[in-house]
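For reference, the chains in residue letters:
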Amino acid sequence: MDEKVLEIEALVDNLPTVLGFVDENLEMADCPMKIQMQIDLAVEEIFVNIANYAYRPDVGTAMVRVQLFADPPVVDITFIDHGVPYDPLAKADPDVTLSADERQIGGLGIFMVKKIMDDVRYEYREGHNILTLKKGLEKI
Amino acid sequence: MNIKTAVEGAVVTVSVSGRIDTTTSPALEQELKGRFDNCEELILDFAEVEYISSAGLRVLLMAHKTMSRKKGMTLKNVGPEIMEIFDVTGFSDILAIE
């Protein structure tokens, strides 16, 4: 197992740095482009959520940990912050069958994350929000 | 992300390339909002779009709602990866995709 950690201020402006860090590690694992895009999407939703809500109005740090497993090829990406306790998975899924006029965009991000990742877990432990995304890296 | 806009009478074609994410979607929103007044029909060319996040979907929904009071908004050249995101989120049922 290969593990890399990035500690960074939880600011939306740092999103390109976070995505760069994740992509660099995925490329080393020969991750297919389509899966990389899906992972980027999930990473963006989670990191932007932390940047917008965890420490408001202050700024705090977020830790992003990428763990690559070889056999079978799987990535675990864990986000850890010490902001206000917040379980994004507790929210009800939006109704994606509604028409445009009835549609509310809120909650769509985390819904996409749940659909696109193989597994999403949240726990609050010792003052930390810990959210882990899991995704297999093999083409299906 | 780059945006190219072509205006032919009341038909506005906006070609987007690159990534439509949290950091770039405000620029797309601003471009579209600036075109609505003189636009009856909006075409979004997605041939060069590599990635779209929920921030980008928000802009598309806003534009779709605005244009539905006129002749509408059409997306063309949507690639399979982007299409999958539209499918997952139900956007493929809402948007007019050629």
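Each remark here, short or long, concerns the structure printed above.
Residues numbered from 1 in each chain as written. Chains lettered and ligands numbered in written order. Predicted model: local features only at pLDDT ≥ 70, side-chain atom pairs only at ≥ 80, totals over all residues.

Comments concerning the overall build of chain A
From N to C terminus, chain A includes 3 helices and 5 strands. Listed by position from the N terminus, the elements making up chain A come as β-α-α-β-β-α-β-β. The C-alpha radius of gyration computed for chain A amounts to 15 Å, which stays within 12% of the reference 14 Å derived for 140 residues, consistent with globular compactness. Taken over the C-alpha atoms alone, chain A extends approximately 40 × 35 × 25 Å along its principal axes. Relative to its full complement of 140 residues, chain A shows a buried share of 32%. Of the contacts made within chain A by residues no fewer than 6 positions apart, 68% connect residues no fewer than 24 positions apart. (Helix = DSSP H or I, 4+ residues; strand = E, 2+ residues; numbered from the N terminus. Rg over C-alpha atoms; globule rule 2.2 N^0.38 Å. Buried ≥ 20, exposed ≤ 12 C-beta atoms within 10 Å, placed from the backbone. Contact = placed C-beta atoms within 7 Å.)

A closer look at the environment of Leu19 of chain A
Residue and element names in this part refer to chain A. On the secondary structure map, Leu19 appears in helix H1 (residues 15-28). Of the residues examined, Leu19 has 21 C-beta atoms within 10 Å and is grouped as buried. Sequence separation of Leu19 and Val43 is 24 residues, and the distance between their C-alpha atoms is 7.3 Å. What Leu19 contacts, discounting residues up to four positions off in sequence, is Asp40, Val43 and Glu44.

Considering the environment of Arg19 of chain B
Residue and element names in this part refer to chain B. Its place among the elements puts Arg19 in strand E2 (residues 11-20). For Arg19, a count of 21 C-beta atoms within 10 Å gives the class buried. Sequence-distant contacts of Arg19, defined by excluding residues within four places in its chain, comprise Met1, Thr24, Glu50 and Tyr51.

Remarks on the sheet that holds strand E1 (residues 2-9) of chain A
Residues and elements named next belong to chain A. Overall, antiparallel pairing links the 5 strands, which are arranged E1-E2-E3-E5-E4 in an open sheet. Each end of this open sheet is capped by a strand with a single partner; those strands are E1 and strand E4 (119-125). In this sheet, neighbouring strand axes are inclined to one another by 15° on average, regardless of whether the strands run parallel or antiparallel. Across 8 bridges, E1 lies against strand E2 (residues 61-69) in antiparallel orientation. Note on E2: the bridge partner recorded for Glu3 is Gln67. Docked against the sheet, helix H2 (residues 33-54) engages E2, strand E3 (74-81) and strand E5 (128-136), running at close to 10° with respect to E3. (Pairing = 2+ DSSP bridges. Axes fitted to C-alpha atoms, helices over the stretch in contact; angles between N-to-C directions.)

Description of the nonpolar core
All names here are of chain A. Ranked by size, the top nonpolar core spans 61 residues in total, and within it Val22, Ala42, Val43, Ile46, Phe47 and Ile50 carry the most contacts. Tallying contributions element by element places H2 first for this core, with 12 residues. In this structure Phe47 touches Leu15, Val18, Ala62 and Phe79, once residues within four positions along its chain are discounted. (Core = buried A, V, L, I, M, F, W, Y, C linked by C-beta atoms within 7 Å.)

With respect to the pairing of strand E4 (residues 73-76) of chain B
Residues and elements named next belong to chain B. Residues Met73 and Leu75 line the buried face of E4, whereas the alternating positions Thr74 and Lys76 sit on a face that is not buried. Here strand E3 (residues 41-52) pairs with E4 via 4 bridges, running parallel. Within E4, the position partnered with Leu42 by the bridge is Met73. Handedness of the crossover joining E3 and E4 through helix H2 (residues 54-67) is recorded here as right-handed. Pairing of E4 with strand E5 (residues 96-97) involves 2 bridges; the strand directions are parallel. Looking across to E5, one finds that Leu75 is bridged to Ile97. (Right-handed = clockwise from strand over helix to strand, strands pointing away.)

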